[in-house]
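Chain by chain, the residues run as shown.
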Amino acid sequence: MKVILVDAENVGLKGVEKVSASISDRVFVFSKSENIEQYCEKSLYQHISDYPSGANQADFCIIAYLMRFLTLY
């Protein structure tokens, strides 16, 4: 199982579409865009948008998720 964390605010929808994940992989996409959220629902990716608005806030949230995975697995 791989854990894939995508900062969609930097790479956009095209970057999310390029992710190739197997059924056992966990993909987390960080974005506040509704288009990306809809794509994530179709692709069975976890969409995260509950972080505060502002510069680098998605980055801080990604770091928190990464630390959580590193301590659990």
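Structure: above.
These numbers were taken from a predicted model, which means no experiment stands behind them.

Undergrad: How should I be thinking about the overall build of the protein in this particular structure?
TA: In terms of regular secondary structure, the protein is built from three helices and three strands. Helices and strands appear in the protein in the N-to-C order β-α-β-α-β-α. Taking 2.2 N^0.38 as the reference for a compact globule, 73 residues should give roughly 11 Å; the C-alpha atoms of the protein span a radius of gyration of 12 Å, in line with that estimate. C-alpha atoms of the protein, sized along the principal axes, occupy 30 × 25 × 15 Å. Taking all 73 residues of the protein together, 32% fall into the buried category. A separation of at least 24 residues holds for 36% of the contacts in the protein among residues at least 6 apart in sequence.

Undergrad: Would you take a moment to explain the sheet that holds strand 1 (residues 3–7) for this structure?
TA: Hydrogen bonds between backbone groups are what pair the strands of a sheet, and the pairing can be parallel or antiparallel. Ordered in space as 1-2-3, the three strands form an open sheet in which the pairing is parallel. Looking at the sheet topology across the chains shown, the edges are occupied by strand 1 and strand 3 (46–48). Each adjacent strand pair in this sheet contributes to an overall mean axis angle of 20°, direction not counted. Sheet analysis places strand 1 next to strand 2 (residues 26–30), joined by five bridges and oriented parallel. Along strand 2, the bridge assignment pairs Leu5 with Phe28. Contacts between helix 3 (residues 57–72) and the sheet are confined to strand 1, strand 2 and strand 3, with strand 1 contributing the most and set at about 170° to the helix.

Reading guide: rules and limits
Residues numbered from 1 in each chain as written. Predicted model: local features only at pLDDT ≥ 70, side-chain atom pairs only at ≥ 80, totals over all residues. Heavy atoms only, no water. Helix = DSSP H or I, 4+ residues; strand = E, 2+ residues; numbered from the N terminus. Rg over C-alpha atoms; globule rule 2.2 N^0.38 Å. Buried < 20%, exposed > 50% of the residue type's maximum accessible area, 1.4 Å probe, protein only. Contact = heavy atoms within 4.5 Å. Pairing = 2+ DSSP bridges. Axes fitted to C-alpha atoms, helices over the stretch in contact; angles between N-to-C directions.

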